[in-house]
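One-letter residues, chain by chain:
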Amino acid sequence: GQIMKKKEIQSERGGAHPESPIQRERVKAGVSQEDVARALGCEPRTVQRYESGEHSPTQKMLLIMKDLFKCEIADLFSKDDLPKTPDNKLPPESV
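If you're wondering where the values come from, they're calculated on a predicted model, not measured in any experiment.

Caption draft 1: Molecular detail of the overall build of the protein chain. A count of helices and strands for the protein chain gives four helices and zero strands. If you list the helices and strands of the protein chain from N to C, you get α-α-α-α. By residue count, 26% of the 95 residues in the protein chain fall in the buried class. Contacts in the protein chain between residues at least 24 apart in sequence constitute 43% of all its contacts with a sequence separation of at least 6. When the accessible surface of the protein chain is split by element, carbon and sulfur atoms take 54% of a total near 7,200 Å².

Caption draft 2: Looking closely at the nonpolar core. Formed by 14 residues in total, the largest nonpolar core has its most connected members in V36, L40, M65, F69 and L76. Those elements that place two or more of their residues in this core are α2 (33-40), α3 (44-52) and α4 (59-69). With four residues, α4 is the single largest residue contributor to this core. If we skip the residues at most four places from it in the chain, F69 touches I22, E25, R26, A29, V31, V36 and L76.

Caption draft 3: Structural detail: α4. Of all the positions in α4, only M61, L62, M65 and F69 are classed as buried. Viewed along the axis of α4, the buried residues span an arc of 100°, placing them on a single side of the element. Counted as exposed and oriented over 90 degrees from the buried face of α4: Q59, K60 and D67. Positive backbone phi, approximately 50°, marks K70, located one or two places after α4.

Criteria and cut-off values
Residues numbered from 1 in each chain as written. Predicted model: local features only at pLDDT ≥ 70, side-chain atom pairs only at ≥ 80, totals over all residues. Heavy atoms only, no water. Helix = DSSP H or I, 4+ residues; strand = E, 2+ residues; numbered from the N terminus. Buried < 20%, exposed > 50% of the residue type's maximum accessible area, 1.4 Å probe, protein only. Contact = heavy atoms within 4.5 Å. Areas by Shrake-Rupley, 256 points an atom, 1.4 Å probe, with all protein chains shown as cover. Core = buried A, V, L, I, M, F, W, Y, C linked by side-chain atoms within 4.5 Å. Arc of directions from axis to C-beta.

And the structure:
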């Protein structure tokens with residue numbers, strides 16, 4: 001397998017994946033990876049894997065994060081990850 005270079009563990013509120021929607025919402029909410037791990041009942045490393053996109057959180061974990069970060073489930077996905085459905089169109093601008 002690939003040997004992962006050991007990354008500096010980003011403690012507290014910053015993070016290594018600013019493009020990650022999960023991380024963005026977590027930082028915005030001022031919640032540390034340790035806090036998320038406690039809420040989810042997992043290791044902080046697992047939270048880092050969610051933020052890096054290595055692993056996908058379960059639906060249950062998304063619901064916990066949504067409450068923890070006080071955001072919408074959709075906020076935890078990048079726009080590219082959201083399913084493209086015809087109903088997903090934005091309503092026309094009201095004039």
